[in-house]
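Given next are the chains, with one letter for each unit.
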Amino acid sequence: MRFALIGQPNCGKSTLFNHVAGYKAETGNFAGTTVTYIESKILVSGKKYHLVDLPGTYSLSGMNPAEKVTLQYLTSREVSVIINVVDASHLAQGLGLTVELLEMQKPLVVALNMMDEAAREGMTIDIPELQGLLGTPVVPLIASKGRGVRNLFVTAHYVAKQDNSPERLTYAKDLEEVILEIAGNLDGKAAMLEPEPFAIKLLEGDMQWQDQIHDEYPQLLPKLNHAQLMIEQTRGQSADWVISGERQALATNLASAVVVQGERRVSWRDRIDDILLHPVFGYVALVLIMFLFFQIVYGIGSILEPPLLNIFSQLEVFLDNLIGADTLLGASLIGIVQGIAGGVAIVFPYLVPFLLGLGFLEDIGYLPRIAFLMDTLMKRIGLHGNAIVPFILGYGCNVPAVMSTRMLENRRDRFLAAALSTLVPCAARIAVVFGLVAFYLGPTVALAIYFFNLVVIAITGRILSGLLPEKTPGLILEMPVYRIPTIRTIIHKTWFRLHEFVVEAWPILIAGSLVLAILIFYNLDNFINSLVRPITWILGLPAAVGLPLIFGILRKELSLVMLYQALGGVEFSEVLTSVQLITYAVFVVFYIPCLATLAVLKRELGIRNMVIITLLTVVIAMIAAQIARLLAIIIL
Amino acid sequence: MKLLDVKSGKKVCIVGFQGSRGVELKLRQLGLLPGDTAKVIRHAPLGGPLLVEFKGRRIALGRGIAVKILVEEV
């Protein structure tokens, strides 16, 4: 038995899915789009089901990729029961989709989610009444707490057994006449839709259906055009508009028939936006929250990192004594250990607290507020407020930053946000800047590099967005009510994201580490230095820094650690001038993202965009390092 | 008048939409229909978006969107 979850964005559909599927979901890409649906086998009350989580959609009009995927899935796959998740606290809008789903004439169960939210809003919903009006089972649900979940699937199972399709609700008389007339010409063979729902979709002027009838019912096309024209003349609006308006009207009537609106409980959640979105205090709060967030992440990370690194360096010494670093086996094993260490000791101490903190900010509902506050700034570099999130994440680690571009709607924005967020200095690059520049030249110079980085990102953003003109009209973003997150969901979310890193990026890190160990074993480091020599020469740096730069692609901290070895184990300031230190640090901040980031870029945007972004970062790094060098020569 | 020109704290009635269909559709699906009343909660500074409340929801609308929404003060 296959159940499909469908609902409007932010109705708690995925919360329900993850509650029953336990974050064991496999993701699958639908041909050519970035919009995904997730399918999982679930076990409820000892029975196995297939459950599909379709992308959140406001309607089935096929306007955007998410709607198209949903409509295609519902019409082309074997779905036993559609489970329509509706946010009870916004019943009128949510039922708009329900009305449209009723038209499909497939077995349907309505899951009225966020009943606790609705109660807080002072709403009392007459569920038996709603059930009667819709002609389909309605199950109350609080997905975040798992309440009503079992009942929902038992009901869905029962509906599937019965295989009863609900009747659609009827529209105004004139519209119904036209629908029936068109439906009379159809035989129910096309598009896996019954004649009436198919007729409605055709009247709405959906292109993908129009093509089909052009082939299969050529005599229908003139009738359809005539009907659309008739509606437009009598109603003064185009047919698709009239139909969506009717749906909204039906939904509003349904909601007002079953909802008793009581006194709304005013809570901290209403007051809090007065501060967090305030033109002055909002930004103060933003800076404070971000500062606190990073302080906590770095605090935890810097406590965990040294002991973990210590374990691995002892392991390296042990291997050296046992097999010898001068044998191929020994060198290879040490290379592998270094790769594992990169994942365990560098990424985990920072990534785990970072993802936990991010999950918290996400679930409480703060991220859309940041988008609101930062929209102006982001518009200057050709993006919307939504795109601020990857930038914030980038300061921790570029890997989750690139992953988070998934929430952006179109490919252009995703590319732009991903490309720019790889220029944000991550925790590892911060270590390089601190270890080199702040240590030898003082914190002011390190701060100057940070500021310089922001300027470079802004200029790059302007140039790139000039090359990729924008089509989207602007920000439309719901500010969800604040919700206190549950520890369970945050831990699951963190594990889910960590899992992706462990499976996809880490193996590459280990393999890369092994390859470099072998290169060094065969004394190919001089060869590598000479390969990178053109770059190091232009930047006025000694040839020996070539290898640390190559290692830096593996893991950014290695640009610092390896530099020590490459320069013969002496103080940096004895070999490199102040100008060279700054040039090197600036180059490290911008050039080629680390392997883990490259792996994520490839998965999220494809290999072509990964290569483009990589080349772009090299060009930017060269220019930025030259400018920094000139500035350093002038000022110092 | 345009929604963009409405001062913070003022209530308005939606008269209609200008411009692209896609924007209007998205607003309708969020529940903003002609005839509805909406309240402008605040304008973000420096040409930022507007925070608008209707039917118990708060939505941030970019200026490019707000300029296309025609309203009357109530």
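Every value quoted in this text rests on a predicted model; they were computed, and no experiment measured them.

1. Some points on the overall build of chain B
Working step 1: Across its full length, chain B holds two helices and five strands.
Working step 2: If you list the helices and strands of chain B from N to C, you get β-α-β-β-β-α-β.
Working step 3: Taken along its principal axes, the extent of the C-alpha atoms in chain B is 30 × 25 × 20 Å.
Working step 4: Of the contacts formed within chain B by residues at least 6 apart in sequence, a portion of 60% connects residues at least 24 apart.
Working step 5: Approximately 3000 Å² of chain B is accessible, and the part contributed by carbon and sulfur atoms is 52%.
Working step 6: Looking at chain B, you have 14 positive and 6 negative side-chain charges, and the mean spots of the two groups are 6 Å apart.

2. Quick notes on the overall build of chain A
Working step 1: The helix and strand tally for chain A stands at 28 helices and 10 strands.
Working step 2: Projected onto its principal axes, the C-alpha positions of chain A cover 90 × 50 × 50 Å.
Working step 3: Every one of the 636 residues in chain A was classed for burial, and the buried ones make up 55%.
Working step 4: For chain A, the accessible surface area stands at approximately 27800 Å², while carbon and sulfur atoms represent 64% of it.
Working step 5: Counting 46 positive and 52 negative side-chain charges, chain A places the averaged centre of each group 4 Å from the other.

3. So, the nonpolar core
Residues and elements named next belong to chain A.
Working step 1: Of all hydrophobic cores here, the largest spans 110 residues; its most connected members are I370, L420, L436, V586 and F590.
Working step 2: Sequence-distant contacts of V586, defined by excluding residues within four places in its chain, comprise I449, F452, A624, A625 and A628.
Working step 3: Counting 64 residues, the second largest nonpolar core, distinct from the first, contains Y37, I82, L102 and A239.

4. Quick word on the sheet that holds strand β2 (residues 37-43) of chain B
Working step 1: Here six strands make up an open sheet; going across it, the order is β10(A)-β4(B)-β3(B)-β2(B)-β1(B)-β5(B) and the pairing antiparallel. The open sheet has two free edges, formed respectively by β10 (476-479) of chain A together with β5 (69-73) of chain B, since each of these has just one partner strand. The sheet shows a mean angle of 40° between the axes of neighbouring strands, direction not considered.
Working step 2: Across the face of the sheet, helix α15 (residues 367-380) of chain A comes into contact with β10 of chain A together with β2, β3 (50-54) and β4 (57-61) of chain B while running at roughly 135° to β10(A).

5. Observations regarding the pairing of strand β1 (residues 2-7) of chain A
Residue and element names in this part refer to chain A.
Working step 1: Among the six residues that make up β1, five are buried, leaving the element largely enclosed by the rest of the structure.
Working step 2: Here β1 runs beside strand β5 (residues 81-87); their pairing, made up of five bridges, is parallel. When the bridges of β5 are listed, G7 appears paired with V85.

6. A look at unusual backbone geometry
Working step 1: Phi at Q105(A) takes a positive value of approximately 55°, unusual for a residue other than glycine.
Working step 2: By the secondary structure assignment, Q105(A) is in the loop between α3 (91-103) and β6 (108-113).

7. Focus on the packing of helix α1 (residues 13-21) of chain A against helix α6 (residues 149-162) of chain A
Residue and element names in this part refer to chain A.
Working step 1: Between α1 and α6, whose axes approach to 11 Å, the crossing angle comes to 90°. Relative to α6, the element α1 is oriented roughly perpendicular. For the pair α1 and α6, the contacting residues are L16, H19 and V20 in the first and V149, L152 and F153 in the second.
Working step 2: Residue classes in the contact of α1 with α6 are distributed as five nonpolar, one polar and no charged.

8. Structural notes on the interface of chain B and chain A
Working step 1: Each partner contributes to the interface: chain B provides 33 residues, whereas chain A provides 32 residues.
Working step 2: Summing both sides of the interface, chain B and chain A together bury roughly 3000 Å²; the carbon and sulfur share of this comes to 56%.
Working step 3: Linking chain B with chain A are two salt bridges.
Working step 4: Across the pair R42(B) and D274(A) runs a salt bridge whose closest N-O atoms are separated by 3.8 Å.

9. Structural notes on the environment of L95(A)
Working step 1: For L95(A), the position within the fold is in helix α3.
Working step 2: The spatial distance from the C-alpha of L95(A) to the C-alpha of R247(A) is 8.8 Å, given a sequence separation of 152 residues.

10. Side note on α3(A)
Because the α-helix completes a turn every 3.6 residues, residues three or four places apart line up on one side.
Residues and elements named next belong to chain A.
Working step 1: Under the 1.5 Å per step criterion, the end-to-end length of α3 is 19 Å for 13 residues, consistent within 8% with the ideal 18 Å.
Working step 2: Of all the 13 residues making up α3, 13 are buried; the element is thus mostly covered by neighbouring parts of the structure.
Working step 3: Phi for Q105, located one or two positions after α3, is positive at around 55°.

11. Topic: a negative patch on the surface
Working step 1: On the surface, D187(A), D211(A), D215(A) and E216(A) cluster together into a negatively charged patch.
Working step 2: If you trace the backbone, E216(A) turns up in helix α9 (residues 207-216).

12. Quick notes on the packing of helix α7 (residues 173-183) of chain A against helix α8 (residues 195-203) of chain A
Residues and elements named next belong to chain A.
Working step 1: Taken N-terminus to C-terminus, the directions of α7 and α8 make an angle of 110°; their axes are 8 Å apart at the nearest point. Our classification of the angle between α7 and α8 gives roughly perpendicular. At the point where α7 passes α8, the crossing takes the right-handed sense. Of the residues in α8, those in contact with V178, I179, L180, I182 and A183 of α7 are P195, E196, A199, I200 and L203.
Working step 2: Residue classes in the contact of α7 with α8 are distributed as nine nonpolar, no polar and one charged.

13. Things to note about the pattern of salt bridges
Residue and element names in this part refer to chain A.
Working step 1: Summed over the entire model, instances satisfying the criterion amount to 20 salt bridges over all chains.
Working step 2: Taking the shortest distance from any N to any O, the salt bridge between K145 and D116 comes out at 3.6 Å. One end of the pair, K145, is in the loop between β8 (138-140) and α6; the other, D116, is in helix α4 (residues 115-120), with 29 residues separating them in the sequence.
Working step 3: A single salt-bridge network, built from bridges that share partners, covers E100, E103, K201, E204 and R247.

14. Concerning the packing of aromatic side chains
Working step 1: Applying the stated criterion to the full structure yields five aromatic pairs over all chains.
Working step 2: Lying across the ring of Y591(A), K556(A) places its NZ or CZ 4.0 Å from the centre.

15. Points about the confidence of the model for chain A
Working step 1: Overall, the predicted model of chain A reaches an average pLDDT of 82, with 92% of residues at or above 70.
Working step 2: With pLDDT under 50 throughout, residues 24-35 of chain A is counted as low confidence; its partners more than four residues away or in other chains account for 21 contacts.

16. Quick word on a nonpolar patch on the surface
Working step 1: On the surface, V619(A), I623(A), I627(A), L630(A), L631(A), I633(A), I634(A), I635(A) and L636(A) cluster together to form a nonpolar patch covering roughly 920 Å² of accessible area.
Working step 2: Examined against the element boundaries, I635(A) turns out to sit in helix α28 (residues 607-635).

17. A closer look at helix α11 (residues 239-258) of chain A
Working step 1: The end-to-end C-alpha distance of α11(A), which contains 20 residues, comes to 29 Å, matching closely the 28 Å that a straight helix rising 1.5 Å per residue would cover.
Working step 2: For α11(A), a buried count of 14 out of 20 residues is recorded, marking the element as mostly surrounded by other parts of the structure.

18. Digging into the environment of S302(A)
Residues and elements named next belong to chain A.
Working step 1: Its location among the elements puts S302 in helix α13 (residues 281-322).
Working step 2: Residue S302 is classed as partly exposed on the basis of its relative accessible area of 42%.
Working step 3: In sequence terms S302 and Y350 are 48 residues apart; their C-alpha atoms lie 8.2 Å from each other.

Rules and cut-offs
- Residues numbered from 1 in each chain as written.
- Chains lettered and ligands numbered in written order.
- Predicted model: local features only at pLDDT ≥ 70, side-chain atom pairs only at ≥ 80, totals over all residues.
- Heavy atoms only, no water.
- Helix = DSSP H or I, 4+ residues; strand = E, 2+ residues; numbered from the N terminus.
- Contact = heavy atoms within 4.5 Å.
- Areas by Shrake-Rupley, 256 points an atom, 1.4 Å probe, with all protein chains shown as cover.
- Lys, Arg positive; Asp, Glu negative; His and termini not counted.
- Charge placed at Lys NZ, Arg CZ, Asp CG, Glu CD.
- Buried < 20%, exposed > 50% of the residue type's maximum accessible area, 1.4 Å probe, protein only.
- Core = buried A, V, L, I, M, F, W, Y, C linked by side-chain atoms within 4.5 Å.
- Pairing = 2+ DSSP bridges.
- Axes fitted to C-alpha atoms, helices over the stretch in contact; angles between N-to-C directions.
- Parallel < 35°, antiparallel > 145°, perpendicular 65-115°, else oblique.
- Nonpolar A, V, L, I, M, F, W, Y, C, P; charged D, E, K, R; others polar.
- Buried area = accessible area lost by both parts, 1.4 Å probe.
- Salt bridge = Lys/Arg side-chain N within 4 Å of Asp/Glu carboxyl O.
- Expected span 1.5 Å × (residues − 1).
- Patch = residues over 30% accessible without salt bridge, like charges linked within 9 Å, V, L, I, M, F, W, Y side chains within 5 Å.
- Left-handed = near helix turned anticlockwise from the far one by under 90°.
- Phe/Tyr/Trp six-rings, centres within 6.5 Å; stacked < 30°, edge-to-face > 60°.
- Lys NZ or Arg CZ within 6 Å of the ring centre and 35° of its normal.
- pLDDT = per-residue confidence, 0-100.

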